[in-house]
Amino acid sequence: MFALMQSTRTQSLHLFIDPPTGLKAVVVIHSEQLGPAMGGCRYLPYADDESAMSDAIRLAQGMSYKAALAGLPMGGGKAVIVRNPHVENRAALFEAFGRFVDTLQGRFITAVDSGTSTLDMDCIAQSTPYVTSTTASGDPSPHAALGVFAGIRATSMARLGSDNLEGLRVAVQGLGNVGYALAEQLHAAGAELLVSDLDPGRVRLAVEQFNAHPVPHEALVSTPCDIFAPCGVGPVLNGQSVMQLRCAAVAGSANNQLTTMQVADQLESRGILYAPDYVINAGGLIYVALTHRGEAVGTITAHLARIPTRLTEVFAHAQAEKRSPARVAQMLAERLLYG
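A few points on the structure. These numbers come from a predicted model, not from an experiment.

Here the largest pocket is characterised by a volume of approximately 1,100 Å³. In terms of lining residues, the largest pocket is bounded by 45 residues, among which Asp-113, Ser-114, Cys-231, Gly-232 and Val-233 are the most central. Residue contributions to the lining of the largest pocket peak at 4 residues, all from strand E3 (residues 37–44). Looking at the lining of the largest pocket, its residues break down into 18 nonpolar, 18 polar and 9 charged. Put simply, the second largest pocket is a space of about 690 Å³. Along the walls of the second largest pocket sit 30 residues, with Arg-58, Gln-61, Asn-256, Leu-258 and Thr-259 positioned nearest its centre. Those elements giving two or more residues to the lining of the second largest pocket turn out to be helix H1 (2–7), E3, helix H2 (49–69), helix H10 (277–280) and helix H14 (325–338). Per element, the largest residue contribution to the lining of the second largest pocket is 7 residues, and it comes from H2.

The element strand E4 (residues 75–82) is largely enclosed, with a buried count of 8 among its 8 residues. Side chains of E4 alternate between two faces, with Gly-75, Gly-77, Ala-79 and Ile-81 and Gly-76, Lys-78, Val-80 and Val-82 buried alike. When strand E2 (residues 23–31) meets E4, the two strands line up antiparallel, connected through 6 bridges. Within E4, the position partnered with Val-26 by the bridge is Val-80. Two elements, E3 and E4, share 6 bridges in a ladder whose sense is parallel. Considered in E4, the bridge of Met-38 is made with Gly-76.

This part is about the sheet that holds strand E7 (residues 192–196). Sheets are built from strands that pair by backbone hydrogen bonding, the pairs being arranged parallel or antiparallel. Here we have 6 strands laid out as an open sheet, ordered E8-E7-E6-E9-E10-E11, and parallel in their pairing. Edge positions in the open sheet fall to strand E8 (213–214) and strand E11 (273–274), since each of these has one partner strand only. In this sheet, E8 lies alongside E7 in parallel orientation, the contact comprising 2 bridges. Opposite Val-195, over in E8, you have Pro-214 as the bridge partner.

Conventions adopted
Residues numbered from 1 in each chain as written. Predicted model: local features only at pLDDT ≥ 70, side-chain atom pairs only at ≥ 80, totals over all residues. Heavy atoms only, no water. 1 Å grid on protein atoms, 1.4 Å probe; cavity = no way out; pocket = protein on both sides within 12 Å on 5 of 7 lines; lining within 4 Å. Points joined across faces, edges and corners; volume = space filled by probe spheres on them. Helix = DSSP H or I, 4+ residues; strand = E, 2+ residues; numbered from the N terminus. Nonpolar A, V, L, I, M, F, W, Y, C, P; charged D, E, K, R; others polar. Buried < 20%, exposed > 50% of the residue type's maximum accessible area, 1.4 Å probe, protein only. Pairing = 2+ DSSP bridges.

Have a look at this one:
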């Protein structure tokens, strides 16, 4: 774990247990260079404790890069609560997690993420002020989807020569809060949707509401489309899956889409344009960070509008340098963080 922390330049890793509630939690503070670390709280099952810590470290690094490239005065962090099959009192568990967050005295601010809700954030808020995306401050998912939608248009312009999405085939993998909101916006723009999700109910809803075409989850990556939009949890792009892709570009809301940077080079060699995840999916972080700071709606909207601009800049750098956009985005982020 120390080796992973060193390779990702992670600042600190904090572990907490609370036997009465069964809480096992990890908080990673990747960087406080630009401000207090902010990151969502995941509540998911993990194969083992090491997997939970590794996931938190990699996600926290992505949050640092995301905040830096979005121009936010925040650092990057992440929280993971290991989900057990049986929880007696969910509210008590999240209140206990709030007490853990409070011991960090503002160095880490948490928010909603995969497996958690605004109601869970309300429970955390009973124990600490260092939380956002409560029911009072609002769900960041629609704002994340807005940013990804604008990023898909920028990606389409860069790769296909037009930001008009009408008639474009977009494969949306994962119909959670962000993925479903994104599918709704794509449908409104006239895109033809191919969708998959582990929850068949979400797929049926997308078919009914957006006239989407259902595709088996394991088959979507190899289904011909213009843009592949990964919006689920965990890395989906590896050496094998990249060779199966039949699309012009990859642009979606999922975090940590690449298993390694070599996968980014594979995409580049195949002529598939990759929209770096922490650039295109910054909308949620922008919303929670600026809401927590008490910024006006106009300021938040202006920040969201910068996502496609930043993405276009990354694409231009990548084309000029004949490098993967993922490597260019990493270089730009680390320049802002480390000089």
